[in-house]
Amino acid sequence: MEILYGLLRALIGWPGIITAIVLVCIGIYSKRIWLIILGGIFAIPISWYLGSTPRFRYIMYALPIFFIGSAFAIKYGKSKLACFFTLPYIGVIVWLGFTVLFQ
């Protein structure tokens, strides 16, 4: 049971967030769609967790969908558009990180 709790903490916490961002960045750089999709899958737990709070109720549920848009942009050869699609998730996470650090 402790292994399951450890896995949940890793997926919902900062390791899952950083893993999602790194996978998407590597996927965009190497033009591998499956890495971007995997990063989107890693972004789902924290998005659902933060989506249940009043401040992020509507926006966090939609942020992993931007990674799907990024994968489509890579598929059609639009690397800059793919980077643009990742900015909302990265912006919210950076804001959250600064909020946590400077409380």
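Cut-offs applied
Residues numbered from 1 in each chain as written. Predicted model: local features only at pLDDT ≥ 70, side-chain atom pairs only at ≥ 80, totals over all residues. Heavy atoms only, no water. Core = buried A, V, L, I, M, F, W, Y, C linked by side-chain atoms within 4.5 Å. Buried < 20%, exposed > 50% of the residue type's maximum accessible area, 1.4 Å probe, protein only. Helix = DSSP H or I, 4+ residues; strand = E, 2+ residues; numbered from the N terminus. Contact = heavy atoms within 4.5 Å. Polar contact = N/O pair within 3.5 Å; in protein donor to acceptor, adjacent residues only side chain to side chain.

Draft legend 1. Representation of the nonpolar core. Membership of the largest hydrophobic core comes to 20 residues, with the highest contact counts inside it found for Ile28, Ile36, Leu50, Met60, Phe67 and Tyr89. Every element with two or more residues in this core is listed here: α2 (14-30), α3 (33-51), α4 (59-75) and α5 (79-101). In contact with isoleucine 28, other than residues within four places in its own chain, are Ile36, Ser70, Ile74, Ser79, Ala82, Cys83 and Thr86.

Draft legend 2. Structural view of the environment of glycine 13. Mapped onto the elements of the fold, glycine 13 is located in the loop between α1 (2-12) and α2. As for glycine 13 and valine 94, which are separated by 81 residues in sequence, their C-alpha atoms are 14 Å apart.

Draft legend 3. Representation of the side chain of serine 47. Tracing the backbone through its elements, the reader meets serine 47 in helix α3. Of the polar contacts made by the side chain of serine 47, one reaches the backbone oxygen of alanine 43; its length is 2.8 Å. Not counting residues up to four positions away in its chain, the partners in contact with serine 47 are Met60, Tyr61, Pro64 and Tyr89.

Draft legend 4. Geometry of the side chain of serine 70. If you trace the backbone, serine 70 turns up in helix α4. We classify serine 70 as buried; its relative accessible area is 0%. Every residue in contact with serine 70, bar those within four places of it in the chain, is listed here: Ile28, Ile36, Ala82, Phe85 and Thr86.

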